[in-house]
Amino acid sequence: MYREGFLGLPTFSSSIVAIATAVAAILLFWFLFKKKEIHPPKMPTAIPNNNTSTTAAPSTSASAADLARNYEVFLSFRGTDTRESFTDFLYTYLVGAGIHTFRDDNELRIGEEISPELIKAIKESKISIPIFSKNYASSKWCLLELAQMVECHVNEGQKIFPIFYDVDASDVRNQKGSYEEAFRLHEKKFDEKTVQRWRDALRTVGQLKGYELDKETNGYEGELVKKVVRSVLLQLKKNYTHVPDELVGMDHHVEEMTRLLHDDSDGVRIIGIHGMGGLGKTTIAKVIYNQLCESYEYCCFLEDVREKAKHQQDGLVNLQKQLVSRILKVDLPAIVDVDDGINKIKDAFHGKKVLIVLDDVDEKSQFDKLVGECSWFEKESKIIVTTRNKEVLNALEVTCIKKGLLQAYKSYEPELMNDYHSLQLFSKYAFMRDSPPEDYYILSKKVVSTAAGLPLVLVVLGSLFFGNGDKDLWEEKLRELEKIPNEEVLKKLRISFEPLNDRQKRIFLDIACLFTGQDQANPCYMWDDCELYPRNGINTLVLRSLVKVGDDNTLRMHDQLRDLGREIVREENFNEPGERSRVWRPEEALDVLKGGLGTKYVEALNLDFGAVEQEEFEQLESYVAGCLVFLALNKMSSNLKEPSMISYKGYKDDAA
């Protein structure tokens, strides 16, 4: 089969050698063909915004899997003209802005018609961008794509943003210059109907408002790309934040905020929205942001600043990255630490007119590390801050005054919803209409009254009762709500309670259980002697929107916050009032007293002595000698002789 060859190595017979040579040639041809066909992926230099789940096709030629996805923008271009220059730049910038973009290289296609998958990609895109270059019209694939875009534009209202790269719009519209030459060749190869369809498509798109490189930006491609991306973002409303469809009573808030934002000053404006949790501060900020963002090239809405800054690893650094990335539409190199982030923010924002919302800020330092100083931004910049803690806004106001920017800062505290809007908001969630059905009107009014005008509670309760047509169940749920607040509402409101120190928490719980509606002077004597420093404590509660002090010096608290405080005390022992620190229901307090059920945990009792016998009353002197700090005696009977002294820890008076 073989003979000894050169150097004694075995050599195949000539026939086998010929076969092997042929196989090798075929393999080499196949390899060269595939090498020409396959292009390495072009990775974008920017990464999509963290807030979007979309990613663009990684390679120049889209795969079947890519084509099956819904795109926001379809790019049509002549590869030999702009594939590696303008188109790649535009594609990269669109992806970096979080826009799901389809880019296909039509030079690699075979066959006579564009595929159904490609037609689907064009149809499902919201915007098509044809990039007209000198040789665009010489490609039948470009013209097929363009004809499909125009069909979608006419029939479906799809937007077309034409870019006239190195040709005049009139040449495209009238097929002059290189486009005229291309159509001479097309007329020889294609039927009259096809050619006319292409001409009509060019004429239609050539009449649309587009972007001419020389006229728009004097030939600067980078500037044109920014303009196009900005227009796409506005059209797609990518900068918009989600707001619910069921908005109620928003007009008044918008009017007030607009007045504060647009005064005679053209400087930087900082507007603080403050108030208790669940008041709708974030929703108001979102509505205003959505109204203004179209007027700003650089805008960002940062949600949940408090939560992310405090409870996520490298929280502030990640917020800084997010802010810079959204403003500039590109990713930055990693930020090393907070100080490094401040410097990058300062450099990135210098001289830019910005719109920024910082939602749920609870410390001035968070503002400083994310926004820095007003001097970093261009005039007419707007910064909106929402917070439950007015201390943050007071500190901002002081900073503005020190820097001579007295007019830069304003604050707004939204009011609670009135009864009409409360019922309307509840009805939208409970019945999917603006008002309750007639046979549920009275029940709905009762449910709405438990919310006391707080939008968060109205939304939660509306969702809770949605789809429930059993009136008996409504009645039962209503009785439950009157005694046990909704857990979802409590969770939201509790956020404001947790940052308080122990002294402030004790004062808050005392007010919730015992002193709502009372003159603050009375409990302040007790809190003073208990070394709770009440004036500072009450001031903190007011700044955190947990308590209000009326003009008559009375302590006021929203019903839902009152219920929060009482629920926190109930959690000490759900079953035994005598195991709780405060017993505010007179009937329970009396049971604790009569049954000797009080323990060392009971610090406060609220008693109604209208029907108490003298013998039971006299037991108080020995009972309160224990751990009791406060005892309220209501409706004292004139027949009762008071004990010689009721003793309080740190506070004494001849009568309670």
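Heads up: the structure comes first, above all this text.
Rules used in this analysis
- Think of each chain on its own: its residues are numbered from 1, step by step along the sequence as written.
- Whole-chain, interface and lining totals are the exception, using all residues; otherwise, since this is a predicted model, local features are given only for residues with pLDDT of at least 70 and side-chain atom pairs are given and counted only at 80 or more.
- Side-chain numbers here rest on the full set of heavy atoms in the structure, without hydrogens or water.
- Think of a 1 Å grid over just the protein atoms. A cavity is a set of points where a 1.4 Å probe fits yet cannot get out, a pocket is an open set with protein on both sides within 12 Å along at least five of seven lines, and lining residues have an atom within 4 Å of a point.
- Grid points are joined across faces, edges and corners, and a volume is the space filled by probe spheres set on the points.
- Counting from the N terminus, the helices are DSSP H or I runs at least four residues long and the strands are E runs at least two residues long.
- Each residue is assigned to one class: nonpolar for Ala, Val, Leu, Ile, Met, Phe, Trp, Tyr, Cys and Pro, charged for Asp, Glu, Lys and Arg, and polar for all the others, Gly among them.
- The aromatic pairing rule takes the rings of Phe, Tyr and Trp, using the six-membered ring of Trp, and pairs them if the centres are within 6.5 Å, calling planes under 30 degrees apart stacked, those over 60 edge-to-face and the rest tilted.
- Exposed residues in this analysis have more than 50% of their type's maximum accessible area, buried residues have under 20%, and partly exposed residues fall in between, with area computed by a 1.4 Å probe over protein chains only.
- The criterion for a charge sitting over a ring is simple: Lys NZ or Arg CZ within 6 Å of the ring centre, and within 35 degrees of the ring normal.
- Think of a salt bridge as a Lys or Arg side-chain nitrogen and an Asp or Glu carboxyl oxygen that are within 4 Å of each other.

> Any chance you could explain the layout of surface pockets here in plain terms?
A volume near 1,200 Å³ is recorded for the largest pocket. In this structure, the largest pocket is lined by 41 residues; those nearest its centre are Gly-278, Gly-280, Thr-282, Thr-283 and Leu-456. Breaking the lining of the largest pocket down by element, the ones donating at least two residues are helix H12 (250-261), helix H13 (281-292), helix H14 (305-311), helix H19 (419-430), helix H21 (455-465) and helix H23 (487-497). Taken together, the residues that form the lining of the largest pocket break down as 15 nonpolar, twelve polar and 14 charged.

> What exactly am I supposed to notice about the packing of aromatic side chains here?
Both the distance between ring centres and the angle between the ring planes are used here to describe each pair of aromatic rings. Going through the model one piece at a time under the given rule, you end up with 18 aromatic pairs. Judged by centre distance (6.3 Å) and plane angle (90°), the ring pair of Phe-426 and Trp-474 falls under edge-to-face. With Phe-426 in helix H19 and Trp-474 in helix H22 (residues 471-483), the pair connects residues that are 48 residues apart, well separated along the chain. Residue Phe-426 is classed as buried on the basis of its relative accessible area of 0%. An aromatic cluster is built from Phe-426, Phe-431, Tyr-440, Phe-465 and Trp-474, whose rings are joined through pairwise contacts. One cation-aromatic arrangement involves Lys-352 over Tyr-298; the distance from NZ or CZ to the ring centre is 5.5 Å. The lysine or arginine in question, Lys-471, covers the ring of Tyr-440, its NZ or CZ lying 5.3 Å from the ring centre.

> What is the right way to read unusual backbone geometry from this model?
Excluding glycine, most residues fall at negative phi; most peptide bonds, likewise, are trans. At Ala-452, a residue that is not glycine, the phi angle is positive and equals roughly 50°. In this fold, Ala-452 is placed in the loop between helix H20 (441-451) and H21. Under the relative-accessibility criterion, Ala-452 is labelled partly exposed at 25%. One non-glycine residue with positive phi stands out, namely Tyr-533, at about 50°. Here Tyr-533 lies in the loop between helix H25 (521-529) and helix H26 (534-543).

> In this structure, what is going on with empty space enclosed by the protein? I would like to understand it.
Unfilled space is identified by rolling a water-sized probe across the atoms. Inspection of the entire model under this criterion finds four cavities of 30 Å³ or more. Lining the second largest cavity are Arg-306, Asp-360, Asp-362, Arg-388, Asn-389, Ile-495, Ser-496, Pro-499 and Arg-544. Residues that form the lining of the second largest cavity fall into these classes: two nonpolar, two polar and five charged.

> Help me understand the pattern of salt bridges in this model?
Pairs may arise between side chains of opposite charge once their charged atoms sit close together. Under the criterion given, the structure shown has 33 salt bridges. A salt bridge links Glu-124 to Lys-120; its shortest N-O distance comes to 3.1 Å. Of the two residues, Glu-124 and Lys-120 both sit in helix H5 (residues 116-124), four residues apart, roughly one turn of that helix. For Lys-120, a relative accessible area of 32% corresponds to the partly exposed category. With its nearest N and O atoms 3.7 Å apart, the salt bridge here joins Glu-180 to Arg-184. In this pair, Glu-180 and Arg-184 both sit in helix H8 (residues 178-189), four residues apart, roughly one turn of the helix. For Glu-180, a relative accessible area of 32% puts it in the partly exposed group.

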